[in-house]
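Observations on the three-dimensional arrangement
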Amino acid sequence: MKTKSQFIIICCALIGLLIAPWTYVEAAPPSIHTNAVGASLVDVESGRVLYSEKGDTPMRIASLTKIMTAIIAIEQGNLTSMVKVSKNAFGKEGSSIYLKLGEEMRLHDMLYGLMMRSGNDAATAIAEHIGGSVEGFVYLMNEKAKMLGMDHSHFTNPSGLDEGEGHRSSPNDMAKLTAYALKNSVFADIVSTKLKKVPNPNEAWDYSWLNKNKMLSMFEGADGVKTGYTKLAKRCLVSSATRNGQQLVVVTLNDGDDWADHAKLLQYGFNNFPLQTLVKKGDAIEGTPWVASRTFKYPLAEGEYARLTHQVSLVDPMATEYRLAERGALRISLNNNLIQTIPIYDPANPLMQVPEKATFSYQSSSPYKETLLTKYSYICRMLVQGLFNISGSIWAD
């Protein structure tokens, strides 16, 4: 009897192990915690959100606002044009690069003062120069936010000062904006600069600006982006770093230990979500005579590669796209969620002439098969992630 009872207990234990979600063979990235009220970690190339805490919650963002100010000025302004300092910009409260009333400075130079020293006087002068007025520039900011799909953002000024109500953005929105801006070489150069000297028309010496962003010296591969602080927003920070060809962006809002948290999140991203090339331009698409029109890279955690699937759809031969040599589209999905659509072309198209053509295939082993156990484990992890995601001076720095 005793032996039979022991056998039953052992069998029950084995069944429990088989159905327990933590026995799922796929390794998941370890959990991570920060001191931030809101946070986001994003891969720049793909835009994939690798981690977020209250990622879509609108919050005060202080001088992180100037990321939007800078990219609009770069895209819509003449970088060699001279920006004149108005009475409204002169002596603007908070962080300043101490511009004089009526002083003129080249837009490109002023952008360094805006991003490296967080000059609120520079922000106002740039806004008036590009938008005709601060109000005109704010309109451009909100239009740009709509264009980028920043659905949880609204801007009321170019500096991030706590002026009035409604000036907000979310961690995921700011990460999306920064990933977009970093693809602009002028912006990327400015935010990665540690020391900048600029001609000073008022004195015998040049302006000399040291970047406030300590991450540039603290973290290997760091290359941006912006600090921020107001009494109401608390400490805010956006940083970026590049390692092994992969660039990540971290946003934290209201974080009293932001330098340490950014280093931790960046390292977490590089360790757990390496960027992988899934398709190369010119790769032959398996089962078709066509080739991929561009290279596609995506960050994947351990075990995710096996859950990639692809589907090919063909273009109607009577369609305009067909006459332009497009033959269809390769749709790549992860966990049955579409992550990219890549047009495929006739290899005879001159645009597709590349030195090497490799057959496109995810892996030679047997395809991934979803079971009741894998569905159960996946749902549990999604529920836990969902719970966590739900779960002095007024001057901007």
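Structure: above.
These figures come from a predicted structure and were not determined experimentally.

Conventions adopted
Residues numbered from 1 in each chain as written. Predicted model: local features only at pLDDT ≥ 70, side-chain atom pairs only at ≥ 80, totals over all residues. Heavy atoms only, no water. Helix = DSSP H or I, 4+ residues; strand = E, 2+ residues; numbered from the N terminus. Buried < 20%, exposed > 50% of the residue type's maximum accessible area, 1.4 Å probe, protein only. Areas by Shrake-Rupley, 256 points an atom, 1.4 Å probe, with all protein chains shown as cover. Pairing = 2+ DSSP bridges. Lys, Arg positive; Asp, Glu negative; His and termini not counted. Salt bridge = Lys/Arg side-chain N within 4 Å of Asp/Glu carboxyl O. Axes fitted to C-alpha atoms, helices over the stretch in contact; angles between N-to-C directions. Parallel < 35°, antiparallel > 145°, perpendicular 65-115°, else oblique. Left-handed = near helix turned anticlockwise from the far one by under 90°. Contact = heavy atoms within 4.5 Å. Nonpolar A, V, L, I, M, F, W, Y, C, P; charged D, E, K, R; others polar. Expected span 1.5 Å × (residues − 1). Phe/Tyr/Trp six-rings, centres within 6.5 Å; stacked < 30°, edge-to-face > 60°. Lys NZ or Arg CZ within 6 Å of the ring centre and 35° of its normal. Core = buried A, V, L, I, M, F, W, Y, C linked by side-chain atoms within 4.5 Å.

Regarding the overall build of the chain
- A count of helices and strands for the chain gives 11 helices and 17 strands.
- Within the chain, the fraction of its 397 residues that count as buried is 47%.
- Split by element, the accessible area of the chain, about 19,600 Å² in all, is 57% carbon and sulfur.

Considering the pairing of strand β7 (residues 222–230)
- Of all 9 residues in β7, 8 are buried; the element is thus mostly enclosed.
- Two strands pair when backbone bridges link them, and β7 and strand β8 (residues 234–243) are joined in this way by 8 bridges, in the antiparallel orientation. Note on β8: the bridge partner recorded for G224 is S240.
- The hairpin formed by β7 and β8 contains 3 residues between the paired strands.

Quick look at unusual backbone geometry
- With an omega of 20°, the peptide bond running from G224 to V225 counts as cis.
- Residues other than glycine seldom take positive phi values, yet Y98 does so here, at roughly 60°.
- Relative to the helices and strands, Y98 resides in the loop between β3 (82–84) and β4 (104–106).

Looking at helix α2 (residues 66–76)
- Extensive coverage of α2 is indicated by the burial of 9 of its 11 residues.
- For α2, the complete set of buried residues consists of K66, I67, M68, T69, A70, I71, I72, A73 and I74.

A word on the side chain of E326
- By the element assignment, E326 lies in strand β15 (residues 326–334).
- For E326, which is buried and forms no salt bridge, the nearest opposite charge comes from R331, at a distance of 8.1 Å.

Notes on the sheet that holds β7
- In spatial order, the strands read β2-β1-β9-β8-β7; together these 5 strands make up an open sheet with antiparallel pairing. The sheet is open, and its two borders are formed by β2 (49–53) and β7, each paired with just one other strand. Across the sheet, the mean angle separating the axes of adjacent strands is 5° when strand polarity is ignored.
- Bridging between strand β1 (residues 38–43) and strand β9 (residues 246–253) involves 6 bridges; their strand directions are antiparallel. Bridge assignment links D43 to a residue of β9, and that residue is L248.

Section: the packing of α2 against helix α4 (residues 120–131)
- Two numbers describe how α2 lies on α4: the axes approach to 10 Å, and their chain directions differ by 40°. One element, α2, and the other, α4, form an angle in the oblique class. When the axes of α2 and α4 are compared, the crossing they make is left-handed. Contact residues: K66, T69, I72, A73 and Q76 in α2; N120, A123, I126 and I130 in α4.
- Its residues assigned to classes, the contact of α2 with α4 comprises 5 nonpolar, 3 polar and 1 charged.

Concerning α4
- The end-to-end C-alpha distance of α4 is 16 Å, a good match for the 16 Å that 12 residues give at a rise of 1.5 Å each.
- Buried residues dominate α4, accounting for 9 of its 12 residues.
- The set of residues buried in α4 consists of N120, D121, A122, A123, T124, A125, I126, A127 and I130.
- Turning to α4, the residues buried within the fold contact α2, β3, α3 (107–116) and α5 (134–148).
- Of the residues flanking the end of α4, it is G132, one or two places downstream, whose phi is positive at about 85°.

As for the packing of aromatic side chains
- For the coordinates displayed, the defined rule picks out 3 aromatic pairs.
- Ring geometry for Y268 against F273: centres 6.2 Å apart, planes inclined by 55°, an arrangement best described as tilted. The pair formed by Y268 and F273 is uniform in burial state, with each residue classed as buried.
- Ring plane angle 40° and centroid distance 5.7 Å describe the contact between F296 and Y298, whose orientation is recorded as tilted.
- Stacked on the ring of Y322, the Lys or Arg R327 has its end atom at 3.8 Å from the ring centre.

Topic: the nonpolar core
- Core analysis: the largest hydrophobic core is formed by 60 residues, its most contacted members being I67, M68, L111 and F187.
- Residues contacting I67, with those up to four places away along its chain left out, are M115, M174, L177, T178, A181, F187, V225, K226 and V238.
- Membership of the second largest hydrophobic core comes to 20 residues, among which are L50, A241, L266 and Y268.

Brief notes about the pattern of salt bridges
- Scanning all chains against the criterion turns up 11 salt bridges.
- A salt bridge links K144 to E75, with the nearest nitrogen and oxygen atoms 2.7 Å apart. Of the two residues, K144 is situated in helix α5 and E75 in helix α2; the sequence distance between them amounts to 69 residues.
- Exposure remark for K144: the relative accessible area of 10% places this residue in the buried category.
- The partner of K146 in a salt bridge is E143, and the shortest N-O contact between them spans 3.3 Å. Residue K146 and its partner E143 are both found in helix α5; the two are separated by 3 residues, about one turn of the helix.
- When its relative accessible area of 61% is taken as the criterion, K146 is described as exposed.
- On the accessibility criterion, E143 (31% relative accessible area) is partly exposed.
- One continuous salt-bridge network, built from bridges that share partners, spans R60, D162, E165 and R168.

Just geometry here; none of it tells us what the structure is for.
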